[in-house]
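So you can see what is in the structure, the chains are spelled out below.
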Amino acid sequence: MPAPGPSGLTAAQVEERTRQGEVNHHHTKTSRSLGSIARANVFTLFNTILTTAIVVVLIVGDWRDAVFGGVMVLNAIIGIAAEYRAKKTLDSLAIVDAPHSLVWRDGEEREVLSEDVVRGDIIELRLGDQVPVDGIVQTSHSLDIDESLLTGESVPIRKKQGDRVLAGTAVVSGDGLIEATVVGNAVYAHTLTEQVRRFTRTTSEIQQGINRVLRVISWLIVPVTALIVWSQIRLDPLSGGWRHALVLAVAAVVGMIPQGLVLLTSMNFALGAATLARRKVLVNELPAVEVLARVDALCVDKTGTLTTGGVSVDSMIPLGAGDSGDRIDEGAARALLTLNASTHNATAEAIVAHLKAQALEVEPAGLSANWSVPFNSTRKWSGFSDGEQAWVLGAPEMTVTDANVLDHVTRVADQGLRVVVLSCAPAAPSSMGEELPQGLQPNTLIVLREQIRPDAADTMEYFRRQGVRVRVISGDNPATVQAIANVASLREDQATIRGMDARTLPEDMDSDAFVQAVMDHDVFGRVTPEQKRAMVRALQSRGHTVAMTGDGVNDALALKDADLGIAMGSGARATKAVAQIVLVDGAFAALPGVVAEGRRIMANMERVSALFLAKTVYASLIAVICALAAWHYPFLPRHFTYIDALTIGIPAFFIALGPNRRRYVSGYLKRVLGLAVPSGCVLAAAALTAYWMVGVGKVEGQTAAALSLMCGALWLLSITARPVNSWRAGLIALMLTCAVAGVFIPFVRNFFALEWPAAHDGWVILACGLTACILIEAAHRAYSLRHQRKAETDGAPLD
């Protein structure tokens, strides 16, 4: 390479700029420390309440009344483990990965660490190099830069003197010199990195609903606890009575908190993530499994999502030889094999593969000594002479003058396809050099298209059936993007697909005009990373739940702001780190499976949530009524452990794992409370009635209250398990058997502080339990059944 005009910086200038901080050091801050993750999962309102309750029980009561603490520990462990894995992924984020650079200093070429490049350095770029800084081109010798990871443009960009180059892009052809103008944290790639590195928690409707319930309970805990303690001490004023009062207060508080629902949610998310991992889908944040069930707007990038990134030959069209399809003659086939035999690019590989598939028994011709010209991206053609004819393969605008052929090429290009032309002429003399031969006539049109993922059309059809509108948002040419969308069957009626060049969008990305343009169109080309992000926000502003897929750094901002970011496994590390879900093998067809898993979790959690929230209702009512009536509180913490395990915890776990294909329907918490509130009121009434009839303050009364409550709660379980199939019926029967065994077996009965009921007490328990079952069924049919059936109808699978 000839010596550059400037000699580069001097050693003194480099030292001065390093001292001023104008050096390419990139200071990476960790996303979140392990300590902060632990604190976020340990120091929660839920854990604070339970920890306080455990401490009180261990100090003044029996350790058997503190077994509920295991729920808190398991929930914290699951949350910390999941978020720590996400932290490690975020910390691995790196876009610029060029370890060394060639710079000119003091008139000499030197190799330095890329992080030691300073502003103003003259950097030499060669084939295969990654650009270490943002800079301006000083000299260019056919310098082609691949900017797809940053801009989405799939075609390499020819850089001329004065053009801008960006850190993180790669040299795919030629060489040149650039001047470093932006270094360190200020380079464009790193500004994207810093924006996407910030940790944000995925929003889960299930968790939001639980948190709303916990906030209400937190306001009730202090007055209810004070009321219970005051009332119980009044009933037992002797020395030490306050200790028992504290234990009963703990029982009331623990009963009010749906701690099992918190644990089951975390476990269900974790199991869902494990299921998806077996399908080569990595879940970075557990709630993401649920979020995709709610998605109604899916934005997909073209490259790496709908396409594989490769090129294939769509057709070969012989010219002037009649209608022979794409079956070209042996001479043209031999010429194409010869021109592409030693060339290693996507176009050449596609042409050779297509010819081999045609089973033409021809071999490349030996290059004639008199004339051959290798491909050059500046001239955009290559050629050779076999002694009888000269053959040229190149871009039509460089090699064709026939107006009819050029019109044909234009029509094909308007479909988003690319055309190269094989032309022939009489044998060329060696003295021609790099000029086109005289009498050149077009022989064959080679039509190229980007390779569409074979599963793209089926996946698009799936989302159409599920009521999810898909938009293609790409940095590539708008015509190309629309053509890809047509082939991938973005819409059932391709004529209705509306495309747009993003360069014509309003500059104000917060304006109503921008939002409306996003809502009205299906395909966008030439989209900048900032516009992708604004498009996601525009859809969210209209109430949509948005998922975004992509593989390039240019997608990272949009992935971060979307309700759910989905990255391709072959994409940039920045993209995979910021996404909540990564398709490890890049299979777009894996998305329906992810949707199905999210739906299973969402629908099943709604099915069992009524069990947990009904407990919150009846525990709160029993606490308040007992305090106001000056009754001894009927339950110890271990009583709730016994009831919860058999009517809620164990059966809910298995029901939540069952299959469920219902689509997402909004109003989760309203529907759940529609069953939980009346059922909780009925269960409280049944328990208190049995307690009053058998004996307030007696162990027999406590047993009657617990077993009456157990009967009604098992009926509520049967409602949430409907439609009852064989395994659900077996599960309910098993829980009923265990409930009876808990009273029948002396060891278990003594552990849970129960008594075997006398005959009279048994009739009271049976009457109160059956009444509770009837009233819960009536409440279910009067209100919640109607809303549940509507949800089942609205959410019925469309496929």
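Above this text sits the structure in question.
A short tour of the structure in this document, coming up.

Reading the values: rules and limits
- Residues numbered from 1 in each chain as written.
- Predicted model: local features only at pLDDT ≥ 70, side-chain atom pairs only at ≥ 80, totals over all residues.
- Heavy atoms only, no water.
- Pairing = 2+ DSSP bridges.
- Helix = DSSP H or I, 4+ residues; strand = E, 2+ residues; numbered from the N terminus.
- Axes fitted to C-alpha atoms, helices over the stretch in contact; angles between N-to-C directions.
- Contact = heavy atoms within 4.5 Å.
- Expected span 1.5 Å × (residues − 1).
- Core = buried A, V, L, I, M, F, W, Y, C linked by side-chain atoms within 4.5 Å.
- Buried < 20%, exposed > 50% of the residue type's maximum accessible area, 1.4 Å probe, protein only.
- Salt bridge = Lys/Arg side-chain N within 4 Å of Asp/Glu carboxyl O.

**Observations regarding the sheet that holds strand β17 (residues 499–501)**
At step 1: Taken in spatial order, the eight strands of this open sheet run β8-β21-β20-β19-β9-β16-β18-β17, and their pairing is mixed. This sheet does not close on itself; its edge strands, each paired only once, are β8 (281–283) and β17. Ignoring which end each strand starts from, the neighbouring axes of this sheet average 20° apart.
At step 2: Of the pairings in the sheet, the one linking strand β19 (residues 546–550) to strand β20 (residues 564–568) comprises four bridges and is parallel in character. By the bridge assignment, M548 is partnered in β20 with G565.
At step 3: Seen against the sheet, helix α17 (residues 512–520) touches β16 (469–473), β17 and β18 (523–525) and runs at an angle of roughly 110° to β16.
At step 4: The strands that helix α18 (residues 529–541) touches are β9 (297–300), β16, β18 and β19; relative to β19, the one it contacts most, it runs at about 160°.

**Some remarks on α18**
At step 1: Helix length check: α18 (13 residues) gives 19 Å between terminal C-alpha atoms against 18 Å at 1.5 Å per residue, within 8%.
At step 2: The positive-phi residue at the C-terminal boundary of α18 is G543, with phi of around 85°.

**Comments concerning the nonpolar core**
Nonpolar side chains in soluble globular proteins generally cluster together in the buried interior.
At step 1: Counting residues in each nonpolar core, the largest one holds 120 residues, and the members touching the most others are L292, Y618, I622, F635 and Y642.
At step 2: Among the elements that line this core, the one with the most residues is helix α21 (residues 591–629), at 18 residues.
At step 3: Filtering out sequence-adjacent residues up to four positions away, I622 remains in contact with Y633, P634, F635, A684, A687 and L688.
At step 4: Core analysis: the second largest hydrophobic core is formed by 25 residues, A534, M548, L559 and V578 among them.

**Thoughts on the pattern of salt bridges**
At step 1: Overall, the coordinates contain 19 salt bridges when judged by the stated rule.
At step 2: Among the ionic pairs, E16 bridges to R19, the shortest N-O distance being 2.0 Å. Residue E16 and its partner R19 are located together in helix α1 (residues 11–19), separated by three residues, close to a single helical turn.
At step 3: The structure contains a network of salt bridges with shared partners spanning E15, E16 and R19.

**Overview of the pairing of strand β2 (residues 108–113)**
At step 1: For strand β1 (residues 100–105) and β2, the ladder comprises six bridges, and the chain directions are antiparallel. By the bridge assignment for β2, V103 is matched with R110.
At step 2: Taken together, β1 and the strand that follows it, β2, pair antiparallel across an intervening segment of two residues, in which D106 is found at a positive phi of about 55°.

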